[in-house]
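An overview of the molecular structure
Chain by chain, the residues run as shown.
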Amino acid sequence: MDMDDSIDASAWAWVPPRKTVDWRGNRVTEKEGIALKHLFDDLQNYFGQPDGEPNVTLTISRLHQEDDDETYGDIITNNNNANAASTMWRGNLDFTYMMNHRKRNTSQKLHYMAMDVCLDLNPKKELNFGGHDMSDYCRTWMYAYAPRYTVETFLRYFEAGTGLKASSNGLILDEERKIVHFEPKLLTEAQSEPGFWIADEDDDDQFTRIGTIHEASQDPSNQFLFRCIGIFAVTAEVVSIPSRTHGDNANANANNAEEEARLTFTLVNVRTLGIVNNIAPVVYNPRHCTKCNVSTNPEWWE
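We now turn to the structure provided with this report. (Residues numbered from 1 in each chain as written. Predicted model: local features only at pLDDT ≥ 70, side-chain atom pairs only at ≥ 80, totals over all residues. Heavy atoms only, no water.)

Mapped onto the elements, Pro184 comes out in the loop between strand S11 (179-182) and strand S12 (185-186). Distance in space between the C-alpha atoms of Pro184 and Val234 is 9.5 Å, their sequence separation being 50 residues. Excluding residues within four positions of it along the chain, Pro184 makes contact with Trp141, Met142, Tyr143, Ala144, Phe232, Phe265 and Leu267. (Helix = DSSP H or I, 4+ residues; strand = E, 2+ residues; numbered from the N terminus. Contact = heavy atoms within 4.5 Å.)

Laid out in structure tokens, this is it:
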């Protein structure tokens, strides 16, 4: 029998290729291109926007252990296993944006979210080493500041979408000014370093890229606090006992009050909205220099 005769032709159908478009030199699907333009270029659906909360939902597609993860030595006391060592699980957040494109409602999942923040391009000093400038500041990490309500809104979306309790670890609250300080990471690969875009003088809706964040921070004319729309990728780290089950359906399996997720923000793009003069920047970085345990930061998010 001929091999082709054994194939039921009725079980096969021609599937047209997905239409792709160009977005900043990359070929992406048409729907992904619409969403990327919606978020990165049109600055829509960001946390902290003045006209209501963003029309976005978020999930963790998969919690997993990476090859270099180790079992934590701390012992967690719980009703199921009084001597179980805690284990770290990680997962990237996915954001599904609901949009109106050409008078039609559509949705698309991206790995990015946007937030109204202030980013600090002022040089930082080593606290314990004679006051020298920190060489890795604005290269691998930087300070960011956001209104308390904006951060709380994001944490509320996170808890609603994942079923996990959001920890405020790494999110430092200034109760007097109702501002949250945090330290986003920066991409360090040459092809993906976060770009720094400033509004054109003649048109606030148009932006010009002046280089990477690190390049911009080296120019004294840019060493200020800037109000920005920051685009972030977000990772959740969850400490749980080994008997818990985490898989593809992490949202259903990780719904336990004892499991708290610490969030790590990685800045991938910046659109500046102007210089800010009413926030006092951090001059030294004691937490990095003295290696303070961030777990000593009191929880303020309930």
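Among the 17 residues that make up strand S16 (residues 260-276), twelve are buried, leaving the element largely enclosed by the rest of the structure. Note that strand S9 (residues 165-166) and S16 share two bridges and pair parallel. Bridging from a neighbouring strand, Ala166 pairs with Ala261 of S16. Alignment of S12 against S16, held across two bridges, turns out to be parallel. For Leu186, the partnering residue across the bridge sits in S16 and is Leu267. Two elements, strand S13 (residues 195-199) and S16, share three bridges in a ladder whose sense is parallel. Opposite Gly195, over in S16, you have Asn269 as the bridge partner. (Buried < 20%, exposed > 50% of the residue type's maximum accessible area, 1.4 Å probe, protein only. Pairing = 2+ DSSP bridges.)

Time to look at the packing of aromatic side chains. Following the criterion strictly, the structure yields 13 aromatic pairs and no others. Ring geometry for Phe95 against Phe154: centres 6.4 Å apart, planes inclined by 35 degrees, an arrangement best described as tilted. With Phe95 in strand S5 (residues 84-101) and Phe154 in helix H2 (residues 148-162), this residue pair connects regions lying 59 residues apart in the sequence. For Phe95, a relative accessible area of 0% gives the class buried. Between Phe232 and Phe265, the aromatic rings sit 5.9 Å apart at their centres with planes inclined by 80 degrees, giving edge-to-face as the arrangement. (Phe/Tyr/Trp six-rings, centres within 6.5 Å; stacked < 30°, edge-to-face > 60°.)

The final tally for this structure, using the stated rule, is zero disulfides. A disulfide-free cysteine, Cys118 has its sulfur positioned 7.1 Å from the sulfur of Cys228, the nearest such atom. (Disulfide = S-S within 2.5 Å.)

From the geometry alone we can't say anything about function, so treat these as descriptive.
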